[in-house]
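So the chains spell out like this:
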Amino acid sequence: MMNSQRQIWISGVLMVVSLCTLNDQAWASDKDTIATDRPDFVESSNVVGKGRFQFETSFAIDKNDRYGIREKISSTPTLLRYGFHDNLEFRLETDGFLSSKYTDRNRKIDQSTNGFSDTSIGLKWHVADAEAKAPSIGILVHADLDSGSRAFRGQGIRPSIRAVAEWELANDFSLGVMPGLMSQKNDNGDRFVSGIFGIVLGKAWTDKFRSFVELAAPQIASSKNGGVLATLDVGVAYLLTPTVQIDTALSKGLNRNTSNLSWTVGISAKY
């Protein structure tokens, strides 16, 4: 099942790349260059613009191997964005199809599980453009819905709010900071509020190519509520055309609560 899903995803990406390359000259005249929320954890403060549609899709692998337990999860994270106002966009996000392989060498357990992840709906508001030393600012409000397959479904609706500030620095560097809060439930069904934080340093090497290094904490909570999840991320992105981007990123878990290693490769396009 997973091989079939992967082949479909790769075929779709290749088709999109081919179509985008053929239309490169037509799109090159469009000054509205794509700004994506991937592959880094810190979101962009920008929105897609009124009447514009943007998709950001990828293939990702998370690996964890500790204390005789090995787990590998493959997913297809996808974000759909539509601008219904110059400064507001609607967002639909999911990790897509999931395939989990779990091995406990101590108890001789080996099992595989496939299914679909929960879906998140939300809004992004571009509050302010960068001006002088002031950053570009965006606010995101999301709600994760318990809509996925039983094995991967979260508990109830999990609302969250994040704020993003982006500064343009000298020598084509940029700095982004994203604090936030999320309300969710622990394994006992008790609701708690966890913190969210990310900081990213980016560098535009050319008009088409950029790279970044990032510290990401998608969850900051007490040990009874799942603890802190933290990663160190590095990645690159390249514009095939002004409205089409390909990218890849690698993440290293910084504590025992977080997957040892994660990798993603993706493509995004704006219409």
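A quick note: this is a predicted structure, and the numbers were derived from the prediction, not measured.

Cut-offs used in this document
- Residues numbered from 1 in each chain as written.
- Predicted model: local features only at pLDDT ≥ 70, side-chain atom pairs only at ≥ 80, totals over all residues.
- Heavy atoms only, no water.
- Helix = DSSP H or I, 4+ residues; strand = E, 2+ residues; numbered from the N terminus.
- Buried < 20%, exposed > 50% of the residue type's maximum accessible area, 1.4 Å probe, protein only.
- Contact = heavy atoms within 4.5 Å.
- Areas by Shrake-Rupley, 256 points an atom, 1.4 Å probe, with all protein chains shown as cover.
- Polar contact = N/O pair within 3.5 Å; in protein donor to acceptor, adjacent residues only side chain to side chain.
- pLDDT = per-residue confidence, 0-100.
- Pairing = 2+ DSSP bridges.
- Phe/Tyr/Trp six-rings, centres within 6.5 Å; stacked < 30°, edge-to-face > 60°.
- Salt bridge = Lys/Arg side-chain N within 4 Å of Asp/Glu carboxyl O.
- Core = buried A, V, L, I, M, F, W, Y, C linked by side-chain atoms within 4.5 Å.

Let's shift gears to the overall build of the protein chain. In terms of regular secondary structure, the protein chain is built from two helices and 15 strands. Within the protein chain, the proportion of its 271 residues that are buried is 42%. Put simply, 53% of the contacts in the protein chain that link residues at least 6 apart link residues at least 24 apart. Carbon and sulfur atoms provide 58% of the accessible area of the protein chain, an area that totals close to 14600 Å².

Assignment of secondary structure puts T241 in strand β13 (residues 229-241). One polar contact links the side chain of T241 to the main-chain amide nitrogen of V244, over a distance of 3.2 Å.

Our focus in this paragraph is the confidence of the model for the protein chain. Per-residue confidence for the protein chain gives a mean pLDDT of 90; residues scoring 70 or more make up 89%. Confidence drops under a pLDDT of 50 for residues 4-31, and excluding neighbours within four residues, the segment shows 28 contacts in the predicted structure.

A few words on the pairing of strand β5 (residues 97-104). Here six bridges tie strand β2 (residues 69-75) to β5, and the two strands are oriented antiparallel to one another. Paired with E71 across the two strands is Y102, which belongs to β5. Counting the residues between successive antiparallel strands, the hairpin from β5 to strand β6 (residues 109-116) contains four residues, one of them, K108, with a positive phi of roughly 55°.

This part covers the packing of aromatic side chains. Each aromatic ring pair is described using two quantities: the centre-to-centre distance and the angle formed by the ring planes. Within this structure, the stated rule accounts for two aromatic pairs. Ring centres of F55 and Y271 lie 6.3 Å apart, and the angle between their planes is 25°; this geometry places the pair in the stacked category. Pair noted here: F55 is in strand β1 (residues 53-66) and Y271 is in the segment after β15 (261-270), with a separation of 216 residues, a long-range link. Given a relative accessible area of 14%, F55 falls into the buried group. Seen in terms of ring centroids, F97 and F116 are 5.3 Å apart; in terms of plane orientation they differ by 75°. Their pairing is edge-to-face.

Applying the stated criterion across every chain, the model contains 15 salt bridges. Close ionic contact of D37 with R91 constitutes a salt bridge, the shortest N to O distance being 2.8 Å. Here D37, found in the loop between α2 (24-28) and β1, pairs with R91, found in strand β4 (residues 88-94); they are 54 residues apart in sequence, far enough to count as distant. Like D37, the residue R91 is buried in the burial classification. Beyond isolated ion pairs, a larger network of salt bridges with shared partners links D37, E43, E56, R81, E89, R91, K124 and R162.

This part takes up unusual backbone geometry. For the bond from R38 to P39, the omega torsion is 5°, close enough to zero to count as cis. Within the secondary structure, P39 is located in the loop between α2 and β1. The phi torsion at N171 lies on the positive side, around 60°, for a residue other than glycine. Checked against the element boundaries, N171 lands in the loop between β9 (158-168) and β10 (173-185).

It is worth spelling out the nonpolar core at this point. Soluble, globular proteins show a tendency: their nonpolar side chains are buried together. Counting nine residues, the largest nonpolar core consists of V42, L140, V164, M178, M182, I196, V200, F212 and A249. Those elements giving two or more residues to this core turn out to be β10 and β11 (191-204). Every residue in contact with A249, bar those within four places of it in the chain, is listed here: P39, F212, V234, G235, S262, W263 and T264.

Before going further, it helps to spend a moment on the environment of M178. Mapping M178 onto the fold places it in strand β10. Between the alpha carbons of M178 and A217 there is a distance of 9.9 Å; along the sequence they are 39 residues apart. With sequence-adjacent residues up to four places away left out, M178 is seen in contact with F41, V42, E43, R162, A163, V164, I196, F197 and G198.

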